[in-house]
Amino acid sequence: MPQDYELIDIPTRFEFDEDVPASSFLHDVWTQFKSNKGAIVGGIIILIFIVISFVAPMTSHYSFDAVDTAQQSMAPRIPGLTWMSWFNGEGGIRQYTGDLANVYHYFGTDVLGRDLWVRCWEGCRISLFVAGTAVLVNVFIGILYGMISGYFGGWVDSIMQRFQEIVNSIPTLVILTLLLLIMKPGLYTIIVALILTEWIGMARITRAQVLKIKELEFILASKTLGASGFFIIFKNVLPNIFGQIIIMAMFSIPNAIFYEAFLAMVGLGIPAPQASLGSLINDGFKTILVTPYQVVIPVVILGILMLSFNLLADGLRDAFDPKMKEM
């Protein structure tokens, strides 16, 4: 019936409409990332660790390789915190008495009298350098390998996948051990060892993403217009999988740090007197019952560092792919 309906003044509905400004993809990613408090905290901790790892060795009057047997195995002692049992300098083999009454070692000293404050941050810097360099190279190799394999398919994909399976079938520890036994142990040897084994995961992720989008309409349109295969790979495919690549790279950094620490703990790491977090843990473990701080402090730094990278990677994953957070 006509009385069952009420006319609405249509022009008045548009008074509440407003123009929403367009936002770019990167702006949406940043907005989503800022809402993740854990990722923000992880990123801040990583930046703090990076700054300290460069500033602490340069500002300290101790050297990471300076041996002083008169100050061997001294407990941590921090100015202003000597009222705390952890930082009053007691509990070490040598005590802060006599000529050492005005000496302070924030993280204590090792069995050779080397300052652990400098050695820990020097080791943190080396571990970050090893992990960062290995991941950058692995990202380059994995992306290139995965995109070529996934895009061209056919016999190219079959050959490349069989080679990848052969490499992946060899245990990582065997490859690392054989390489370090053949080459001279050192910083760049560990980087090469990580490069040879860590690119497989990146190649798999990249290939899976390429297989998912290579049959989409905009790829077919580029083929129709006569674009070459490599042009499509780097101009159309790569920008659309860049988010997944960043996420995978961030998750690879803690793995690389762990591998470097593991190699150092089994005696295949950076040779003395250089230090990494793994070598410091290995050295401190030998005297854990007498001076536990020598192993606890590097372990805490390594744990916080790996946790921070994982938090940052989780935040980037949610920012680049918000649907993952709802699953």
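Every chain's residues receive numbers from 1 upward, in the order its sequence appears when written. Totals for whole chains, interfaces and linings use every residue, but because this is a predicted model, local features are given only for residues with pLDDT of at least 70 and side-chain atom pairs only at 80 or more, for both listing and counting. Note that water and hydrogens are dropped before the side-chain values are worked out from all heavy atoms of the structure.

1. Regarding the overall build of the protein
What counts is decided by this rule: Under the scheme used here, helices are H or I runs from DSSP no shorter than 4 residues and strands are E runs no shorter than 2 residues, and both carry numbers assigned from the N terminus. Relative accessibility under 20% of the residue-type maximum defines a buried residue, over 50% an exposed one, and the middle range a partly exposed one, all with a 1.4 Å probe and only protein chains included. Residue exposure ignores everything except the shown protein chains as possible cover, and the areas themselves are Shrake-Rupley values with a 1.4 Å probe.
Of regular secondary structure, the protein possesses 12 helices and zero strands. Its helices and strands taken in sequence order, the protein reads α-α-α-α-α-α-α-α-α-α-α-α from the N to the C terminus. With 327 residues in all, the protein has 43% of them scored as buried. Summing over all exposed atoms, the protein offers an accessible surface of approximately 18,500 Å²; the carbon and sulfur share of this is 67%.

2. Some thoughts on the UniProt feature "transmembrane region" (unreviewed entry) in the protein
Going by this rule: UniProt positions are given in the numbering used here, feature names are shortened, and annotations may be inferred rather than shown by experiment.
Taken from the UniProt record, the annotation "transmembrane region" (unreviewed entry) applies to residues 38-56, 126-152, 173-196, 246-270 and 290-313. Within the segment residues 290-313, helix and strand shares are 88% and 0% respectively, and the terminal C-alpha atoms sit 38 Å apart.

3. Quick look at the packing of aromatic side chains
Note the cut-off: Think of it this way: a Phe, Tyr or Trp ring, Trp meaning its six-membered ring, pairs with another when their centres are within 6.5 Å, and the plane angle makes it stacked under 30 degrees, edge-to-face over 60, tilted otherwise. The rule for a charge over a ring is simple: NZ of Lys or CZ of Arg within 6 Å of the ring centre, and within 35 degrees of the ring normal.
Applying the stated criterion across every chain yields a total of eight aromatic pairs. Between Phe152 and Phe230 the ring centres are 5.6 Å apart and the planes differ by 55°, which places this aromatic pair in the tilted class. In this pair, Phe152 is assigned in helix H4 (residues 116-152) and Phe230 in helix H9 (residues 229-265), connecting sequence segments 78 residues apart. Looking at Phe230, the relative accessible area reads 45%, which means it is partly exposed. In this structure an aromatic cluster arises from ring pairing among Phe49, Tyr106, Phe107, Trp117 and Trp121. In this structure, Arg77 is placed above the aromatic ring of Tyr104, and the distance from its NZ or CZ to the ring centre is 4.5 Å. When the ring centre of Phe54 is taken as reference, the NZ or CZ atom of Arg125 above it lies at 5.6 Å.

4. A closer look at the packing of H4 against helix H11 (residues 293-320)
Going by this rule: An axis is simply a line fitted to the C-alpha atoms; with a helix, the fit covers only the stretch in contact. Between two such axes, the angle follows the N-to-C directions and lies from 0 to 180 degrees. Handedness of a helix crossing follows the sense of rotation of the near helix relative to the far helix, less than a right angle counterclockwise being left-handed and clockwise being right-handed. Residue contacts are counted whenever heavy atoms from the two residues lie within 4.5 Å of one another. Residue type decides the class: Asp, Glu, Lys and Arg count as charged, Ala, Val, Leu, Ile, Met, Phe, Trp, Tyr, Cys and Pro as nonpolar, and the leftover types, Gly among them, as polar.
Between H4 and H11, whose axes approach to 11 Å, the crossing angle comes to 35°. Where H4 crosses over H11, the two elements pack in a sense that is right-handed. Contacts between H4 and H11 involve Leu116, Cys120, Trp121, Cys124 and Leu128 on the former and, on the latter, Tyr293, Gln294, Ile297, Pro298, Ile301, Leu305 and Phe309. Taken together, the residues of the contact of H4 with H11 break down into 11 nonpolar, one polar and no charged.

5. Brief notes about the nonpolar core
Just so we agree on the cut-off: The term nonpolar core refers to a set of buried residues drawn from Ala, Val, Leu, Ile, Met, Phe, Trp, Tyr and Cys, joined through side-chain atoms within 4.5 Å.
Counting 65 residues, the largest nonpolar core has Ile257, Ile301, Leu305 and Phe309 as the members making the most contacts within it. At the level of elements, helix H2 (25-34), helix H3 (37-59), H4, helix H6 (172-182), helix H7 (187-213), H9, helix H10 (277-285) and H11 are the ones that each hand at least two residues to this core. Ranked by residues supplied to this core, first place goes to H4 with 14 residues. Those residues within four positions of Leu305 in sequence are excluded, and the remaining contacts are Phe49, Cys124, Leu128, Ile257 and Leu277.

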